[in-house]
Amino acid sequence: QSTGSSGINAEYGDFAGWSLPVSYPDLSHVESHLHTRKGVSIFDVSHMLQLHIHGKDRVKFIESILVADVEALAEDTGTLSLMTTENGGIIDDCIVHKSSAGFLNLVCNAGCADKDLAHITERCEAAVSGGMDVTVEVKPKHSLVAVQGPQMSAVLQQGMRDDLSKLYFNHTALVEVWGIPCRVTRCGYTGEDGVEISVPDDRAVELVERLMGTSDEVKLAGLGARDSLRLEAGLCLYGNDIDETTTPVEAALMWTISKRRRAARDFPGAERVMAQFQAKPKVGQRRVGLVVQKAPARPHYPVLNMEGEVIGEVTSGSPSPCTGQNIAMAYVDNKYIKNGTPLQVQVRKRVFPATKVAMPFVPSHYYTPPK
């Protein structure tokens, strides 16, 4: 499948059956990454699954699938959440927003789109059979354009009458951008200030052309840069860092589950997740950040303790364009999760020193309300 960026001069790759730009000829991967950190870049993320959940029981229904406290969300705000199995594994990570227009907006990963839609549809049918008023709608014919970087606001504001300075992180609004009806959500997966714009398919190219026309400093960026940006920001890639074999506790994502949801234990897999969370001493593994000396760590490379015993595995890793270090995410045994713990990573037949560090690897710059 193709998106609005198809046909543009770029190097393309296959992502979950979609042909998407990995990089563009004007900037290298590293240059594009660094440009996003200091300027503004546009990413085509139209392969993501966009859903609307309707009906008076929509909040009750979505909380039977996600771990989020959707009931507590103010209108036109949202959060990152997790869809979990009955055993506490992570089916997908997604963004949910509560729209003042009377529905919930859900954005899921493209790689999980088919299984997510099947799971949600099956659960919806069961809910309706049980008397709930809820329907699930795939948002038709809409592209998703991410505009990311510290100059995003200055660029996008030129096309909007609404005041972007009042739209904070994870807030969403239905607005016109250069006269095009859009949903603009202050979010993204780079660690920088940014928005994701849901725009009708037939006007997506027009929107991007208007954005590009504001300044020569607005650049197109591919999914190669998006991957290294999200890694620096300490953000998970589904299928690498989280999947149905990992729980929110193991993935260090318990912050997605509010006190109310923890106390109620009413999300799928709650008994196992809460048992893991409350266990003393902690058992199993935990997702952590590593800095590796001399060699880049890649997925599936073994992580060793200083005695040479395998105590975990790398799930994501690359050189960091911003820090100049080789950074990685890995799952390691709980006894090795203290910051500063010396470890080792096996790269083919050699072993290199590594240190457990806090994430994100670079500071995040989300646009949040003044305190």
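Residues numbered from 1 in each chain as written. Predicted model: local features only at pLDDT ≥ 70, side-chain atom pairs only at ≥ 80, totals over all residues. Heavy atoms only, no water.

Draft legend 1. Local environment of the overall build of the protein. Across its full length, the protein carries eight helices and 19 strands. Against the globule reference of 21 Å for 371 residues, the protein gives a C-alpha radius of gyration of 21 Å, in line with a compact fold. Across its three principal directions, the C-alpha atoms of the protein cover 65 × 55 × 45 Å. Counting only contacts in the protein whose residues sit at least 6 apart along the sequence, the fraction spanning at least 24 positions is 65%. Counting 38 positive and 44 negative side-chain charges, the protein places the centres of these two groups 7 Å from one another. (Helix = DSSP H or I, 4+ residues; strand = E, 2+ residues; numbered from the N terminus. Rg over C-alpha atoms; globule rule 2.2 N^0.38 Å. Contact = heavy atoms within 4.5 Å. Lys, Arg positive; Asp, Glu negative; His and termini not counted. Charge placed at Lys NZ, Arg CZ, Asp CG, Glu CD.)

Draft legend 2. View of the sheet that holds strand β12 (residues 194–200). Reading across from one edge, β10-β11-β12-β9-β3-β13 is the order of the six strands in this open sheet, with mixed pairing throughout. Because the sheet does not close on itself, it has two edges, and the strands there are β10 (172–177) and β13 (218–220). Strand-to-strand twist in this sheet, taken as the mean axis angle between neighbours without regard to direction, amounts to 30°. Relative to β12, strand β11 (residues 180–185) is paired through three bridges, and the arrangement is antiparallel. Looking at the pairing, Thr185 lines up with Glu196 of β12. (Pairing = 2+ DSSP bridges. Axes fitted to C-alpha atoms, helices over the stretch in contact; angles between N-to-C directions.)

Draft legend 3. Quick look at the environment of His35. Mapped onto the elements, His35 comes out in helix α1 (residues 29–38). For the pair His35 and Lys219, spaced 184 residues apart in sequence, the C-alpha separation works out to 8.1 Å. Ignoring sequence-local partners within four residues, the contact set of His35 consists of Leu27, Val40, Ser41, Glu217 and Lys219.

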